[in-house]
Amino acid sequence: RAVIVFFRDRSKLNEFVGTATYRQLGRHKSLLTEDMRPREKDFVINKAATAGQITLSTAVFGRGTDFFCKDDSVEKNGGVHIIQTFLSKEI
């Protein structure tokens, strides 16, 4: 499976990055933030939906960003898991 986790903002993402849980996630994790270069963002977005990948992102990428799954093994196992770590103000 692949997992994309959305945090409210960079502060909350950084808070998580400083935890032991983050360090235990292994090698296949990526951060996706607004301050990245366009080429870096595209790279992270393109690999986010591949098997074994964990992508930690700020909420701004939760709307309007197309995360395409081209990995058959992810599709066969039910697709990408999306986790939102906060409640949205909008319904």
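Going by the structure above, here's the rest.
K.L.:
In this structure, what is going on with the environment of serine 57? I would like to understand it.
P.N.:
In this structure, serine 57 sits in strand β3 (residues 54–58). Put simply, serine 57 and arginine 8 are 49 residues apart on the chain and 8.8 Å apart in space, counted from C-alpha to C-alpha.

K.L.:
What's the story with the layout of surface pockets in this structure? I'm lost.
P.N.:
Sizing a probe to match a water molecule and rolling it over the atoms shows the empty space that remains. By volume, the largest pocket amounts to about 300 Å³. Along its surface, the largest pocket is lined by 13 residues, and Ala59, Arg63, Gln84, Phe86 and Ser88 are the ones closest to its centre. Of the residues that constitute the lining of the largest pocket, the class distribution is 6 nonpolar, 3 polar and 4 charged.

K.L.:
I'm lost on the sheet that holds strand β2 (residues 29–32) in this one. Help?
P.N.:
Across the sheet, which stays open at both edges, the 4 strands sit in the order β2-β3-β1-β4 with parallel pairing between neighbours. Lying at the two open borders of the sheet, with one neighbouring strand each, are β2 and β4 (80–84). For this sheet, the mean angle separating the axes of adjacent strands, direction not counted, is 15 degrees. Note that strand β1 (residues 2–7) and β3 share 5 bridges and pair parallel. Looking across to β3, one finds that phenylalanine 7 is bridged to threonine 58.

Analysis parameters
Residues numbered from 1 in each chain as written. Predicted model: local features only at pLDDT ≥ 70, side-chain atom pairs only at ≥ 80, totals over all residues. Heavy atoms only, no water. Helix = DSSP H or I, 4+ residues; strand = E, 2+ residues; numbered from the N terminus. 1 Å grid on protein atoms, 1.4 Å probe; cavity = no way out; pocket = protein on both sides within 12 Å on 5 of 7 lines; lining within 4 Å. Points joined across faces, edges and corners; volume = space filled by probe spheres on them. Nonpolar A, V, L, I, M, F, W, Y, C, P; charged D, E, K, R; others polar. Pairing = 2+ DSSP bridges. Axes fitted to C-alpha atoms, helices over the stretch in contact; angles between N-to-C directions.

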